[in-house]
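Observations on chain architecture
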Amino acid sequence: MNEEEIKKLKEENERLRQLCAIKSDIISISAHQIRTSLSALKWIIKMFLDGDLGKITFEQENLLRKAYESNDRSINTVNDLLLANKTENVTEKEYIFESVNMVEIIEKSIFDFSGESYNNGIEIIFLKPNEKIQEVKADKEKIRVVFQNLLENAIKYSNYHGKIFIGIRMNEENFIEVSVKDTGIEISEENKSKIFEKFYRTPEAQKKEVVGSGIGLFTVKKIVENHGGKIWFNSEKGSSTTFFFTIPIF
Ligand code: ADP
């Protein structure tokens, strides 16, 4: 390749980078606007439900509750989209790495999701090891997103009265390995390779009455890899799925 061709290639590269940044800004601005409207709607419905605007009938309450839940799911989808958009364009250099206590993140997240798991009749069991787990080198907020996405999926795709087991250990390569195992729907063999693709959802998940966008695992994989870690899963026919990820020790 001669100098002229290299220069052209660089210019083209820069043009594409700028185009990508503009598109990402459009997504971000639109998603924020949609979220603002959805949030306003959420509080209006809540005022009705709380009786702030007068007494409502049982039937009205039923319908309003459905509207409230559906609106909430849309807010979650927009949040997923915003996160994916943000993560996609953030390189490892923009991460703030510090010493992070993964056990603390797990315990706090279990607490945060206790309401959701209770509503779904699911028990979360943290198999906390006796030995001290060393801190990891991580961007705290992003690694929290990783764990919470896996936990949320485990709850969403579990059967009623299911159990979720969370494990943590130091592996042979000086990484912390976290696992989230559930007793829910399987990921069948032919779909395994597509799980981390953006917007992909298995037919089994689509049949279940839960809302998803197929962005979570795509985002989670990017974050884990930007930490120098790995993410993978096992899924047993008809019963359980376990997701694992590793993060280097500080
Ligand atoms: P979604 O918003 O659909 O949950 P994700 O990107 O988090 O999106 O997950 C992608 C797909 O992977 C899900 O739609 C589901 O088909 C499958 N999946 C993720 N976690 C699990 C799990 N714990 N058990 C079974 N299937 C799962």
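Analysis parameters
- Just so you know, the residues in each chain are numbered from 1, in the order the chain's sequence is written.
- Residues qualify for local features only when their pLDDT is at least 70, as the model is predicted, and side-chain atom pairs are given and counted only at 80 or more; totals for whole chains, interfaces and linings, by contrast, use all residues.
- To obtain the side-chain values, all non-hydrogen atoms of the structure were included, while hydrogens and water were left out.
- By definition, any uninterrupted DSSP run of H or I lasting at least four residues is a helix, any uninterrupted run of E lasting at least two residues is a strand, and each is numbered from the N terminus.
- Only protein chains enter the accessibility calculation, which uses a 1.4 Å probe; a residue is then buried when its area is under 20% of its type maximum, exposed when over 50%, and partly exposed in between.
- Contacts are residue-level and defined by heavy atoms, with any inter-residue pair within 4.5 Å sufficient.
- Values of accessible area rely on a 1.4 Å probe in the Shrake-Rupley scheme; residue burial ignores everything except the protein chains shown.
- Under the convention used here, Asp and Glu are negative, Lys and Arg are positive, and both His and the chain ends fall outside the count.
- The atoms used to mark charge sites are NZ of Lys, CZ of Arg, CG of Asp and CD of Glu.
- Only C-alpha atoms enter the line fits that serve as axes; for helices the fit covers just the stretch in contact. Angles between N-to-C directions range over 0 to 180 degrees.
- With respect to orientation, any angle under 35 degrees is reported as roughly parallel, any angle over 145 as roughly antiparallel, any angle of 65 to 115 as roughly perpendicular, and every other angle as oblique.
- Left-handed describes a crossing whose near helix is turned anticlockwise from the far helix through less than a right angle; right-handed describes the clockwise counterpart.
- Under the convention adopted here, Pro, Cys and the residues Ala, Val, Leu, Ile, Met, Phe, Trp and Tyr are nonpolar, Asp, Glu, Lys and Arg are charged, and Gly plus all remaining residues are polar.
- For this analysis, a ring pair means two rings from Phe, Tyr or Trp (six-membered ring only for Trp) whose centres lie within 6.5 Å, classed as stacked if their planes differ by under 30 degrees, edge-to-face if by over 60, and tilted for the remaining angles.
- A ring is considered to have a charge above it if a Lys NZ or an Arg CZ atom is located within 6 Å of its centre and within 35 degrees of its normal.
- Where a domain begins and ends is set by an automatic assignment or by a domain database.
- Buried area is a sum: the accessible area each of two parts loses on coming together, probed at 1.4 Å, counted once for each and added.
- Whenever a carboxyl oxygen of Asp or Glu lies within 4 Å of a side-chain nitrogen of Lys or Arg, that contact is scored as a salt bridge.
- In protein, a polar contact means a hydrogen-donor-capable atom and an acceptor-capable atom, both N or O and within 3.5 Å, with residues adjacent in sequence counting only if both atoms are side-chain atoms; elsewhere, any N or O pair within 3.5 Å suffices.

Per the secondary structure count, the protein chain includes seven helices and seven strands. Considering only C-alpha atoms, the protein chain reaches an extent of 75 × 50 × 40 Å along its principal axes. Sorting the 250 residues of the protein chain into buried and exposed places 39% on the buried side. Partitioning the intrachain contacts of the protein chain with sequence separation of at least 6 by distance along the chain shows that 70% fall at a separation of at least 24. Accessible area of the protein chain: about 15,400 Å², with a carbon and sulfur share of 54%. Averaging the positions of the 36 positive and the 40 negative side-chain charges in the protein chain gives two centres separated by 2 Å.

Once that is clear, we can look at the packing of helix H1 (residues 3-49) against helix H2 (residues 58-88). Relative orientation of the contacting elements H1 and H2 amounts to 160 degrees, with a least axis distance of 9 Å. Taken together, the axes of H1 and H2 are roughly antiparallel relative to one another. Considering the relative orientation of H1 and H2, their crossing is left-handed. Looking at the contact of H1 with H2, its residues break down into 15 nonpolar, eight polar and six charged.

With that out of the way, let us pick up the packing of aromatic side chains. Scanning the entire structure with this criterion turns up five aromatic pairs. Judged by centre distance (6.0 Å) and plane angle (55 degrees), the ring pair of Phe196 and Phe233 falls under tilted. Note that Phe196 is positioned in the loop between strand E5 (175-183) and helix H6 (203-207) and Phe233 in strand E6 (residues 231-235), a separation of 37 residues in sequence. Exposure remark for Phe233: the relative accessible area of 13% places this residue in the buried category. Grouping aromatic residues by their ring pairs yields a cluster made of Phe196, Phe233 and Phe243. Residue placement shows Lys142 over the ring face of Tyr95; its charged tip is 4.5 Å from the ring centre. When the ring centre of Phe196 is taken as origin, the NZ or CZ atom of Lys221, which lies over that ring, is 6.0 Å away.

What follows covers the environment of Ser70. Relative to the helices and strands, Ser70 resides in helix H2. On the basis of relative accessibility, which here comes to 36%, the residue Ser70 falls in the partly exposed class. The spacing of Ser70 and Asn171 is 101 residues in sequence and 42 Å in space, taken between C-alpha atoms.

You can read the domains of the protein chain as domain 1 (3-84) and domain 2 (98-248). Here domain 1 and domain 2 have C-alpha centroids that lie 24 Å from each other. Across the contact, six residues belong to domain 1 and five residues belong to domain 2. A combined buried area of about 580 Å² lies between domain 1 and domain 2, and 74% of that area is made up of carbon and sulfur atoms. When residues of domain 1 are sorted by the area they lose upon contact with domain 2, Asp80, Leu83 and Ala84 head the list and together hold 59% of the total. Our count for the contact surface shared by domain 1 and domain 2 stands at zero salt bridges. Our enumeration of links across domain 1 and domain 2 arrives at one residue pair in polar contact (both at pLDDT 80 or more). Here the residues of the side of domain 1 that touches domain 2 sort into three nonpolar, one polar and two charged.

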